[in-house]
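Structure at a glance
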Amino acid sequence: MENLDEIVSQLKEWYSRTPKHFEGAILGSMTTWPHPIGVYAYQLFIHVNGNDPVVFPIVQELEKELLATVGSLYGSRYGLFTSGGTESNILALFVAKRVSRGKSDVVVAPSTVHASIDKACLLMGSRLVKIPVNPLSPVDPDILEKYVRDYNPFAVVVTAGTTESGVVDRVKEASEVALKHDVYLHVDAAFGGLLIPFLHKHGIIDSDLSFYPGVSSISVDLHKNGRAPIPSSLLFFRDETYVGKACFEMNYLPSGMNCGLLGTRPGASLVASWAVVKAIGLEGYEKQALLQQDTALYLFKELDSREFVEVFKPVLPIVVWKSKLYDYVEMVKKLFEEGIFLYKSPSLQAARAVIMPHVTKAHVDALLKALDKIHARSGFD
Ligand SMILES: Cc1ncc(COP(=O)(O)O)c(C=O)c1O
């Protein structure tokens, strides 16, 4: 028998060495420190298998409530709880393929699409045709239509908040193309889903996110701007019949079926998501979105005032910049050495900071200080 005290002290030691979001070093990842009520709920429901709604009916009840609350932002309450943006995207394309008739085995998407769409197409043996786009601009609807006409795809994917630059594709215009050509349109709003409706409402961004008539599905991650513990995401469909297409027969289970890609799944994260959404509320997410955008603009303005930086104006709270001195990979590495963890934006050959809910102006100041330090060392100040 292992000595539990020893294990606990080992765990505590490792814990003390992991960076924590609230300390301000994690500025590249789209993850955040979960809301405490979510952590509490997660622990309490740690034993619950989300794949068994007969033994654990709470799973289905809370999923329904969660879908209704968050879905009210987009105009649908049909869908399912998943483990993240990747599962949601794979599932959306799987459903698209299942419901489409007379289409070629092709998915069309702008080149800014998340890598999980490549993964989905690889898994399904489908071809992903990427429309080359400027990573700082949404896809042009006329060009999107040309690709749809040329390739007759079974699905089109656009992104509402791209991973590398936070650009929002125009969902309304893409919906018109999808409707005209009778093609399944999936909107990947993993990052932007809990930002865009609020920023649009306040006139900060033009595009909105909604089930326009041609939109078939929308994915929204709760473990990103929702502040739910990992793994938590929602995949919404425009009607209930699509939900059934994301389910599989599994006779040995009391329900006789399984929905989503995972089998046994953490019911705890579903209950935790419900608790977090209930605690923060849509008004809370609205305030948070405005605060994130404000902090992103603060970082943008500060970077813009520095001679050694070329920075791109953020659409959503993702700030992307290049150094005039360092190659972007080197800059990110140097900042890692200073204890600041950024990610890269390879399509722009730039570094990327994501202003997640935990990021404060003080964290931004620490980033700027580290950036000034690595440039001063090399003659810029
Ligand atoms: C636009 C977009 N879609 C999907 C994903 C994948 O989400 P996850 O890491 O939760 O699977 C990400 C992750 O950053 C993303 O930015």
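As the structure is a prediction and not an experimental result, all values here were calculated from the model. (Residues numbered from 1 in each chain as written. Predicted model: local features only at pLDDT ≥ 70, side-chain atom pairs only at ≥ 80, totals over all residues. Heavy atoms only, no water.)

Looking at the domain arrangement of the protein chain
Each assigned domain of the protein chain is listed with its residue range as follows: domain 1 (4-33 + 281-376) and domain 2 (36-279). Between the C-alpha centres of domain 1 and domain 2 the distance comes to 26 Å. Listed as interface residues are 27 residues of domain 1 and, on the opposing side, 34 residues of domain 2. Both sides together, the interface formed by domain 1 and domain 2 hides about 2,600 Å², and carbon and sulfur atoms give 69% of it. Contact with domain 2 buries area across many residues of domain 1, yet Leu282, Tyr285 and Leu316 alone supply 27% of it, more than any other trio. Put simply, lysine 201 and glutamate 286 hold a salt bridge, and the shortest N to O gap is 3.0 Å. Our count for the domain 1 to domain 2 interface comes out at 9 residue pairs in polar contact (both at pLDDT 80 or more). Among the elements of the structure, α10 (267-304), β11 (318-323) and β13 (350-354) are those that each provide at least two residues to the side of domain 1 that touches domain 2. If one sorts the elements of the side of domain 1 that touches domain 2 by residue count, α10 sits on top with 9 residues. Of the residues belonging to the side of domain 1 that touches domain 2, the class tally is 17 nonpolar, 8 polar and 2 charged. (Domains from an automatic or database assignment. Contact = heavy atoms within 4.5 Å. Buried area = accessible area lost by both parts, 1.4 Å probe. Salt bridge = Lys/Arg side-chain N within 4 Å of Asp/Glu carboxyl O. Polar contact = N/O pair within 3.5 Å; in protein donor to acceptor, adjacent residues only side chain to side chain. Helix = DSSP H or I, 4+ residues; strand = E, 2+ residues; numbered from the N terminus. Nonpolar A, V, L, I, M, F, W, Y, C, P; charged D, E, K, R; others polar.)

Structural notes on the sheet that holds strand β10 (residues 309-312)
Backbone hydrogen bonds hold the strands of a sheet together, and the pairing may be parallel or antiparallel. On the basis of which strands lie adjacent, the open sheet formed by 4 strands has the order β10-β11-β13-β12 and antiparallel pairing. Only two strands of the sheet have a single neighbouring strand rather than two, namely β10 and β12 (343-345). Averaged over all pairs of adjacent strands, the angle between strand axes in this sheet comes to 35°, irrespective of strand direction. (Pairing = 2+ DSSP bridges. Axes fitted to C-alpha atoms, helices over the stretch in contact; angles between N-to-C directions.)

Thoughts on helix α12 (residues 361-376)
Here α12 spans 22 Å end to end across 16 residues, near enough to the 22 Å set by a 1.5 Å rise per residue. Those residues of α12 that sit buried are His363, Val364, Leu367, Leu368, Ala370, Leu371, Ile374 and His375. With its buried residues spanning 160° around the axis, α12 presents them on a single face. Set apart from the buried face of α12 by more than 90 degrees, the exposed residues are Ala362 and Lys369. Looking at the buried positions of α12, the neighbouring elements they touch are α10, β10, β11 and α11 (328-337). (Expected span 1.5 Å × (residues − 1). Buried < 20%, exposed > 50% of the residue type's maximum accessible area, 1.4 Å probe, protein only. Arc of directions from axis to C-beta.)

Notes on the UniProt feature "modified residue: N6-(pyridoxal phosphate)lysine" (unreviewed entry) in the protein chain
Residues annotated in UniProt with the feature "modified residue: N6-(pyridoxal phosphate)lysine" (unreviewed entry) correspond here to Lys224. Assignment of secondary structure puts lysine 224 in the loop between β6 (217-221) and β7 (233-237). Residue classification places lysine 224 among the buried positions, given a relative accessible area of 13%. Once residues lying within four places of it in the same chain are set aside, the contact partners of lysine 224 are Met30, Thr32, Ala190, Phe191 and Met356. A distance of 2.4 Å separates a polar atom in the side chain of lysine 224 from a polar atom in the side chain of aspartate 221. (UniProt positions renumbered as here; feature names shortened; annotations may be inferred.)

A closer look at the layout of surface pockets
Each pocket or cavity is described by its volume, and for the largest pocket that value is around 690 Å³. Lining of the largest pocket is provided by 31 residues; of these, Gln60, Glu63, Gly79, Leu80 and Val243 occupy positions nearest its centre. For the lining of the largest pocket, the secondary-structure elements that each account for two or more residues are α3 (58-71), β1 (78-82), α9 (240-245), β9 (257-259) and α10. Among the elements that line the lining of the largest pocket, the one with the most residues is α3, at 6 residues. Classifying every residue of the lining of the largest pocket by side-chain character gives 15 nonpolar, 11 polar and 5 charged. (1 Å grid on protein atoms, 1.4 Å probe; cavity = no way out; pocket = protein on both sides within 12 Å on 5 of 7 lines; lining within 4 Å. Points joined across faces, edges and corners; volume = space filled by probe spheres on them.)

Some words on the packing of α11 against α12
For the pair α11 and α12, interaxial distance at closest approach is 10 Å and the crossing angle is 115°. Taken together, the axis directions place α11 and α12 in an arrangement best described as roughly perpendicular. When the axes of α11 and α12 are compared, the crossing they make is right-handed. In this structure, α11 uses Met331, Lys334 and Leu335 to contact α12, whose residues at the interface are Leu367, Ala370, Leu371 and Ile374. (Parallel < 35°, antiparallel > 145°, perpendicular 65-115°, else oblique. Left-handed = near helix turned anticlockwise from the far one by under 90°.)

As for the pairing of strand β4 (residues 153-159)
Within a regular strand, the side chains alternate between the two sheet faces. Taking burial as the measure, the 7 residues of β4 include 7 buried ones, the bulk of the element. Where strand β2 (residues 104-110) and β4 come together, 3 bridges link them in parallel fashion. Bridge pairing in β4 links serine 104 to proline 153.

Focus: the packing of aromatic side chains
Across all of its chains, the model carries 7 aromatic pairs by this definition. Centroid distance phenylalanine 94 to phenylalanine 248: 5.5 Å. Interplanar angle 35°. Geometry classified as tilted. In this pair, phenylalanine 94 sits in helix α4 (residues 85-99) while phenylalanine 248 sits in strand β8 (residues 247-249), placing the two residues 154 residues apart along the sequence. On the accessibility criterion, phenylalanine 94 (25% relative accessible area) is partly exposed. Every member of this aromatic cluster is reached through a ring pair, and the members are Tyr184, Phe237 and Tyr242. Here lysine 20 stacks its cationic end above the ring of tyrosine 15, 4.4 Å away from the centre of that ring. (Phe/Tyr/Trp six-rings, centres within 6.5 Å; stacked < 30°, edge-to-face > 60°. Lys NZ or Arg CZ within 6 Å of the ring centre and 35° of its normal.)

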